[in-house]
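The chain contents come next:
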Amino acid sequence: ISIYYNINLFLSVCMAIVVSLLIFGTHKSKSRFLVPCLVFFPLDNLVRIIFVAVLAPNLGFPHALAITNVISIFSIIFNFFFWLCVFSHWQQINEQLVDQEKGPGREKHTI
């Protein structure tokens, strides 16, 4: 269980850094600052899934750490939808950059 807390602390520090980059990238409309979030959130979800898979059968749900499993499951669900929002914004910024590079009079032609 000590390993769980150490890894969770490390992930929390990484999350603070990644979210700081996300806020800066969103504010400045720079898509490269959103990429760490797009990479870190799936890794964070994977670690949480592993923790839930290991802790739930070993400790059982009547244990005091069962609330940790419930919180982890809600975090996994929330992270997925948050990741979708960040990915959508990343795409939007990249499309705006492509449109700016084309310049006026060079609109996209759709068939």
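Summarised in this report is the structure supplied together with it.

Rules of the game
- Residues numbered from 1 in each chain as written.
- Predicted model: local features only at pLDDT ≥ 70, side-chain atom pairs only at ≥ 80, totals over all residues.
- Heavy atoms only, no water.
- Salt bridge = Lys/Arg side-chain N within 4 Å of Asp/Glu carboxyl O.
- Helix = DSSP H or I, 4+ residues; strand = E, 2+ residues; numbered from the N terminus.
- Buried < 20%, exposed > 50% of the residue type's maximum accessible area, 1.4 Å probe, protein only.
- Patch = residues over 30% accessible without salt bridge, like charges linked within 9 Å, V, L, I, M, F, W, Y side chains within 5 Å.
- Areas by Shrake-Rupley, 256 points an atom, 1.4 Å probe, with all protein chains shown as cover.
- Core = buried A, V, L, I, M, F, W, Y, C linked by side-chain atoms within 4.5 Å.

## A word on the pattern of salt bridges
And step 1. Under the criterion given, the structure shown has one salt bridge.
And step 2. Of the charged contacts in the structure, one is a salt bridge between Asp44 and Arg48, with a shortest N-O distance of 3.1 Å. Remark: Arg48 and Asp44 occur in helix H2 (residues 35–59); sequence separation between them is four residues, near one turn of the helix. Neither residue differs from the other here; Asp44 and Arg48 are each classed as buried.

## Concerning a nonpolar patch on the surface
And step 1. On the surface, a cluster of nonpolar side chains totalling about 840 Å² of accessible area is made up of Ile67, Val70, Ile71, Ile73, Phe74, Ile77, Phe80, Phe81 and Leu84.
And step 2. The residue Ile67 is located in helix H3 (residues 66–102) in this model.
And step 3. A residue is classified by how much of its surface remains accessible, and Ile67, at 51% relative accessible area, is exposed.

## A closer look at the nonpolar core
And step 1. The biggest cluster of nonpolar side chains holds 12 residues, and these are Leu11, Cys14, Met15, Val18, Leu22, Leu34, Cys37, Leu38, Phe40, Phe41, Val86 and Ile93.
And step 2. Those elements that provide at least two residues to this core are helix H1 (2–28), H2 and H3.
And step 3. When residues of this core are assigned to their parent elements, the largest contribution, five residues, is made by H1.

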